[in-house]
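Spelled out from the first residue to the last, the chains are:
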Amino acid sequence: MSAAEDNNNDAQTQDKLTLAQLAAIENEIKSSQPLTSQLLPISALLHQYSSDTNVTDEHQQSAGFIQAAQFLSTKYTSLRRVRGDGNCYYRAFLYSLCEHLLRNHNRNNGSSLKEFWRIKATVVDSLKWVCQYGYDEMTIDMFYEELVELFDLIEETSLLSANNNNNSSSVNNDDEANVDAAAAQHQLHIKLNEENSTSDYCTWYLRVLTAAQMKSNPDRFLPFLLADEIHYGNNMDIPSFCSREVEPMGKECGMVTVAALAECLGVKLLIEYMDGRLSNGREVVNHVFGNCLDDGDGGSGNNCLDEDRICLTLLYRPGHYDILY
């Protein structure tokens, strides 16, 4: 056997070992982390940084992280963890959006229902829109349908809850409404925690929406890429960036993709940045996306936010997103 053949065999063996190791890591993550956790008290965040032996990075054990956790505990009551598989931003966005829509639909008031129908219409109309930017309808239709069906489920669940309340006596209405709301939330949680199912399909379609939003208005988003030459080089264009950084599952997102998805669906997104730095030495820095869009051409058409628009709140820690309440 020649030296070239030996090298080839060694490379193939190494590739197999690498794939096996990656599969083992993925299986360990799946077995230890649900796609989205149950609701946790915000104190769990402080506990993680003050006593969790799994936190090994020195910067994450620093006083800055502990102080940030203490500050957030005065501002929020609960936390929902999201699996750290590279899809956490899109998955957190999806879960929080559906949760807000379900809650708002259950309230059955005019502004809440209007917001539900606005976002659902954006999703329903999105298939033809994204296909203008290089996506094949037959290829992405299954993922699109999964997201539309998820919105249908929210609507059907809310209507069933409303009918049950209408058939109940006024004395028991409030108690039964609370029970129905909890049951609807539980149903949504189960739906979005099924492995290799709705959450993954919808998460990938959110990536498509993000990429289409960027392609529809490159002049808005390209400066973000050009300003980050370290990660993207100085010759990166929007289509190349989307094919490399947005469309593949497991690719972590940056600020530009965070903004693009929020603007695509026309929702306000507040992100608390827990990165060890504190504003004025005492407050966690936050940024708001999606509430101030330009008036240029392109985009999904959601460029005018008002006070009735949904506001999602996420927690960012280096390389990861969770949901705050």
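Quantities reported herein were computed from a predicted structural model and do not represent experimental measurements.

Draft legend 1. Seen up close, the nonpolar core. Ranked by size, the top nonpolar core spans 67 residues in total, and within it Tyr89, Phe93, Leu97, Tyr205 and Leu269 carry the most contacts. With 11 residues, helix α4 (residues 88-107) is the largest single contributor of residues to this core. Ignoring anything within four residues of it in the chain, the contact list for Tyr205 reads Ser126, Leu127, Val130, Ile140, Phe143, Tyr144 and Leu147. In this structure, Tyr49, Phe65, Phe71 and Leu324 belong to the second largest nonpolar core, which totals 16 residues.

Draft legend 2. Spotlight on the pairing of strand β3 (residues 268-279). When β3 meets strand β5 (residues 311-317), the two strands line up parallel, connected through six bridges. Residue pairing for β5: Tyr273 is matched across the bridge by Tyr316. Across seven bridges, the pairing between β3 and strand β4 (residues 283-289) is antiparallel. Residue Leu278 lies in a different strand from β4, and its bridge partner there is Val284.

Draft legend 3. The pattern of salt bridges, seen in detail. According to the stated counting rule, one finds 16 salt bridges in the structure shown. Taking the shortest distance from any N to any O, the salt bridge between Glu155 and Lys120 comes out at 2.8 Å. Remark: Lys120 occurs in helix α5 (residues 110-124) and Glu155 occurs in helix α7 (residues 137-166); sequence separation between them is 35 residues. Comparing Glu155 with Lys120 shows no difference in burial state: the two are buried. Residues Arg277 and Asp275 are paired through a salt bridge, measuring 2.5 Å at the closest nitrogen-oxygen approach.

Draft legend 4. Seen up close, the packing of helix α9 (residues 198-216) against helix α13 (residues 255-265). Relative orientation of the contacting elements α9 and α13 amounts to 95°, with a least axis distance of 8 Å. Taken together, the axis directions place α9 and α13 in an arrangement best described as roughly perpendicular. The segment α9 lies against α13, with Leu206, Leu209, Thr210, Gln213 and Met214 engaging Val256, Thr257, Ala260, Leu261, Glu263, Cys264 and Leu265. Considering only residue class, the contact of α9 with α13 consists of eight nonpolar, three polar and one charged.

Draft legend 5. Representation of helix α3 (residues 63-75) within the structure. Relative to the 18 Å expected for 13 residues at 1.5 Å per residue, α3 spans 19 Å between its end C-alpha atoms, a close match to the ideal helical length. Here α3 has its buried residues at Gly64, Phe65, Ala68, Ala69, Phe71 and Leu72. Here the buried residues of α3 occupy an arc of 165° about the axis, which is enough to place them on one side.

Draft legend 6. Highlighting the packing of aromatic side chains. Throughout the structure, instances matching the rule amount to 12 aromatic pairs. Ring geometry for Phe116 against Phe151: centres 6.3 Å apart, planes inclined by 40°, an arrangement best described as tilted. Of the two residues, Phe116 is situated in helix α5 and Phe151 in helix α7; the sequence distance between them amounts to 35 residues. With relative accessibility at 0%, the residue Phe116 sits in the buried group. With a relative accessible area of 2%, Phe151 lands in the buried category.

Draft legend 7. Quick look at the confidence of the model for the protein. Mean pLDDT over the protein stands at 83; residues scoring 70 or higher make up 74%. Low confidence marks residues 292-297, where pLDDT is under 50. Its contacts with residues over four positions away, or in another chain, come to nine contacts.

Draft legend 8. Fine view of the sheet that holds β3. Taken in spatial order, the six strands line up as β1-β2-β6-β5-β3-β4 in an open sheet, and their pairing is mixed. Edge positions in the sheet fall to β1 (40-41) and β4, since each of these pairs with one other strand and no more. The pairing of strand β2 (residues 78-80) with strand β6 (residues 320-324) spans two bridges and is classified as antiparallel. If you follow Arg80 over to β6, its bridge partner there is Ile323.

Draft legend 9. Fine view of the side chain of Asp200. Considering the arrangement of structural elements, one finds Asp200 in helix α9. Residue classification places Asp200 among the buried residues on the basis of a relative accessible area of 17%.

Draft legend 10. The arrangement of the pairing of β5 in detail. In terms of residue burial, β5 counts as a mostly covered element, since five of its seven residues are buried. Where β5 lies against β6, four bridges are found, and the strand directions are antiparallel. Note on β6: the bridge partner recorded for Arg317 is His320. Connecting β5 to the next strand, β6, in antiparallel fashion are two residues, including Gly319 with a positive phi near 80°.

Conventions and cut-offs
- Residues numbered from 1 in each chain as written.
- Predicted model: local features only at pLDDT ≥ 70, side-chain atom pairs only at ≥ 80, totals over all residues.
- Heavy atoms only, no water.
- Core = buried A, V, L, I, M, F, W, Y, C linked by side-chain atoms within 4.5 Å.
- Buried < 20%, exposed > 50% of the residue type's maximum accessible area, 1.4 Å probe, protein only.
- Helix = DSSP H or I, 4+ residues; strand = E, 2+ residues; numbered from the N terminus.
- Contact = heavy atoms within 4.5 Å.
- Pairing = 2+ DSSP bridges.
- Salt bridge = Lys/Arg side-chain N within 4 Å of Asp/Glu carboxyl O.
- Axes fitted to C-alpha atoms, helices over the stretch in contact; angles between N-to-C directions.
- Parallel < 35°, antiparallel > 145°, perpendicular 65-115°, else oblique.
- Nonpolar A, V, L, I, M, F, W, Y, C, P; charged D, E, K, R; others polar.
- Expected span 1.5 Å × (residues − 1).
- Arc of directions from axis to C-beta.
- Phe/Tyr/Trp six-rings, centres within 6.5 Å; stacked < 30°, edge-to-face > 60°.
- pLDDT = per-residue confidence, 0-100.

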